[in-house]
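Fold and contact review
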Amino acid sequence: MTADLYHLADLKEFLQKNGLQAKRSLGQNFLFHKIECEKIIRVADVRKGDKVLEIGPGLGHLTCLMEAAGAEITAYEIDQRLTNFWPELHPESKAGLINEDFLQADAKEFSRCSKVVANLPYYIVKEIILKLISCGVSFQSLTFTIQKEEALRLAQKKGEERYGALNALLQILGPAECVATIKKDNFYPRPHIDSAILRIGPISWPEYSLWQKTLKVVKAAFKNRRKILKSNLAELNIPMKTFSELGINELARAEELSPKLFLALARRLPE
Ligand code: SAM
């Protein structure tokens, strides 16, 4: 880097000098503290030769350290004001930087990646996670830095208060754990609340067509939280005897089902 962007005064000066006001609408809070960036990379277990997908690299704070660890990076950044500065900021970088909204990205472009590491823009956390788990790429792990409350919510397990469709899907894939906190002072501009690192993995993907059915079943199961599971799943035409055969109570609600039972239901979904 030409400017030391891990140093707050330098980062502020760089942004100011180049007329780059951080855009709140794009969730731009740059994690400038090197030790915290390194913590994320350690949690994600980024190693030499890893092919990593990063969403929202911003000014490259995480990206550069992952490259230094020997990883090959594919990174999607929506804000062209930032990507324009990359050649100047990181002349040595070989990262495949793509100036595009990740939600519009074609999965073929990142299908070689095995790990996802991202300090996510807070306004589309769920949409991004849903895209990553539905796109057909068998990532080994997903490591996200997100607002702490949201991270704790996404790590909830069956029986916990806010366990919903996305929780169930993540728990089916592998352990989803909130592993460390990152204090708000490590970001610029400073957000109102602390963040946390959520790690999902190691992931064991069900076979592709079973996973597509599981996505359908879980989304339908939680569609109307006031309804019982059977009513929510009525539209999927699962044979009635399936519920008793799997030992699912007549009046059970989606939040009472274990990841295993969701998979078992998906297996019984007609083609
Ligand atoms: N990775 C950098 C860091 O750790 O300092 C920046 C993280 S910042 C929280 C989120 C980044 O995501 C911003 O750079 C923002 O421009 C980018 N972003 C927001 N929406 C996006 C989208 N739909 N697709 C790709 N990048 C997006």
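Residues numbered from 1 in each chain as written. Predicted model: local features only at pLDDT ≥ 70, side-chain atom pairs only at ≥ 80, totals over all residues. Heavy atoms only, no water.

**Some words on the overall build of the protein chain**
Spelled out, the test is: Starting at the N terminus, helices and strands are each numbered in turn, a helix being any DSSP run of H or I of at least four residues and a strand any DSSP run of E of at least two. Each radius of gyration reported is based on C-alpha atoms, and the globular scaling rule is 2.2 Å times the count of residues to the power 0.38. Buried means the residue's accessible area, taken with a 1.4 Å probe over protein chains only, is under 20% of the maximum for its type, while exposed means over 50%, and partly exposed covers the values in between. Computed with a 1.4 Å probe, the accessible areas rest on the Shrake-Rupley method; for each residue, only the protein chains presented here act as cover. Here the positive residues are Lys and Arg and the negative ones are Asp and Glu; neither His nor the chain ends is included. Charge placement uses NZ in Lys and CZ in Arg. For Asp and Glu, CG and CD serve respectively.
On a plain count of helices and strands, the protein chain comes out with twelve helices and nine strands. Computed over its C-alpha atoms, the radius of gyration of the protein chain comes to 20 Å, within 12% of the 18 Å expected for a compact globule of 271 residues. In terms of its C-alpha atoms, the protein chain occupies a principal-axis envelope of roughly 65 × 35 × 30 Å. Burial statistics for the protein chain: of 271 residues in total, 50% are counted as buried. Approximately 13,400 Å² of the protein chain is accessible, and the part contributed by carbon and sulfur atoms is 49%. Charged side chains of the protein chain number 39 positive and 33 negative; the gap between the two group centres comes to 6 Å.

**Comments concerning the pairing of strand S5 (residues 115-119)**
Put simply, the rule is: Two strands form a pair only when DSSP identifies at least two bridges running between them. Look down the strands so they point away from you; if the path from the first strand over the helix to the second goes clockwise, the crossover is right-handed.
Counting buried residues along S5, five of its five residues qualify, which places the element largely inside the surrounding structure. The side-chain alternation of S5 yields two buried faces, one formed by Lys115, Val117 and Asn119 and the other by Val116 and Ala118. Examined bridge by bridge, strand S2 (residues 51-55) and S5 share three bridges and lie parallel to one another. Following the sheet pairing, Leu53 is matched in S5 by Val116. One ladder, built from five bridges, connects S5 with strand S6 (residues 141-147); its direction is parallel. Following the sheet pairing, Val116 is matched in S6 by Leu142. Handedness of the crossover joining S5 and S6 through helix H6 (residues 125-134): right-handed.

**Quick word on the side chain of Asp50**
Note the following rule: In this analysis, two residues are considered to be in contact whenever any of their non-hydrogen atoms come within 4.5 Å of each other.
Examined against the element boundaries, Asp50 turns out to sit in the loop between helix H2 (34-43) and S2. Overall, Asp50 belongs to the buried group, its relative accessible area being 12%. Dropping the residues within four chain positions of it, Asp50 is found in contact with Asp45, Gly70, Ala71, Glu72 and Lys115.

**Side note on the site of the ligand**
Cut-off, in case you're wondering: If a single non-hydrogen atom of a residue is within 4 Å of a molecule or strand, that residue counts as near it. Polar contacts, as used here, are pairs of N or O atoms within 3.5 Å; protein pairs need one atom able to donate a hydrogen and one able to accept it. Residues neighboring in sequence count only if both atoms are side-chain atoms. Note that Gly is not counted as nonpolar here; it falls among the polar residues with everything else outside the nonpolar set of Ala, Val, Leu, Ile, Met, Phe, Trp, Tyr, Cys and Pro and the charged set of Asp, Glu, Lys and Arg.
In the vicinity of the ligand there are 24 residues, among which Leu31, Gly56, Glu77, Asp101 and Asn119 approach most closely. Interatomic distance of 3.3 Å between a backbone N/O atom of Ile78 and a nitrogen atom of the ligand. Separating a nitrogen atom of the ligand from a side-chain N or O atom of Tyr123 is a distance of 2.9 Å. Split by residue class, the shell around the ligand holds twelve nonpolar, seven polar and five charged.

**What about the nonpolar core?**
Worth spelling out the cut-off: Buried residues of nine kinds, namely Ala, Val, Leu, Ile, Met, Phe, Trp, Tyr and Cys, make up a nonpolar core once their side-chain atoms join them within 4.5 Å. Segmentation into domains, and thus their bounds, comes from an automatic or database assignment.
By size, the foremost hydrophobic cluster in this structure holds 59 residues, and its most contacted members are Leu53, Phe110, Phe144, Leu233 and Phe262. The biggest single contributor to this core is helix H9 (residues 208-221), with seven residues. Counting contributing residues, this core receives three or more from each of domain 1 (8-200) and domain 2 (208-267). If we skip the residues at most four places from it in the chain, Leu53 touches Thr74, Tyr76, Phe102, Phe110, Cys113, Lys115, Val116, Val117, Leu132 and Phe139. Within the second largest apolar cluster, 23 residues are counted, among which are Cys64, Met66, Ile73 and Ile197.

**A closer look at the sheet that holds S2**
Heads up, the rule is: Each axis is a line fitted through C-alpha atoms, and for a helix only the stretch in contact is used; angles between axes span 0 to 180 degrees, taken between their N-to-C directions.
Reading across the sheet, the seven strands line up as S4-S3-S2-S5-S6-S9-S7 and stay open at both edges, with mixed pairing between neighbours. Unpaired on one side and paired on the other, strand S4 (96-98) and strand S7 (176-182) mark the two borders of the sheet. The sheet shows a mean angle of 20 degrees between the axes of neighbouring strands, taken without regard to direction. Here S7 pairs with strand S9 (residues 195-200) via six bridges, running antiparallel. Note on S9: the bridge partner recorded for Thr181 is Ala196. Across the sheet, helix H3 (residues 61-68) lies against S2, strand S3 (72-76) and S5, angled at about 175 degrees from S2, the strand it touches most.

**Description of the domain arrangement of the protein chain**
Interface size is often expressed as the accessible area that is lost when the parts come together. Our working rule: A simple way to read buried area is as the amount of 1.4 Å-probe accessible surface that goes missing from two parts once joined, with both sides added. Salt bridges are counted wherever a side-chain nitrogen of Lys or Arg sits within 4 Å of a carboxyl oxygen of Asp or Glu.
With domains assigned, the protein chain is organised as domain 1 (8-200) and domain 2 (208-267). A C-alpha centroid distance of 32 Å is found between domain 1 and domain 2. In this assembly, 14 residues from domain 1 lie in contact with 16 residues from domain 2. Taken together, the two surfaces of domain 1 and domain 2 that pack against each other cover about 1,200 Å², and 74% of this comes from carbon and sulfur. Contact with domain 2 buries area across many residues of domain 1, yet Tyr163, Leu169 and Ile172 alone supply 42% of it, more than any other trio. The tally of links between domain 1 and domain 2 comes to zero salt bridges.

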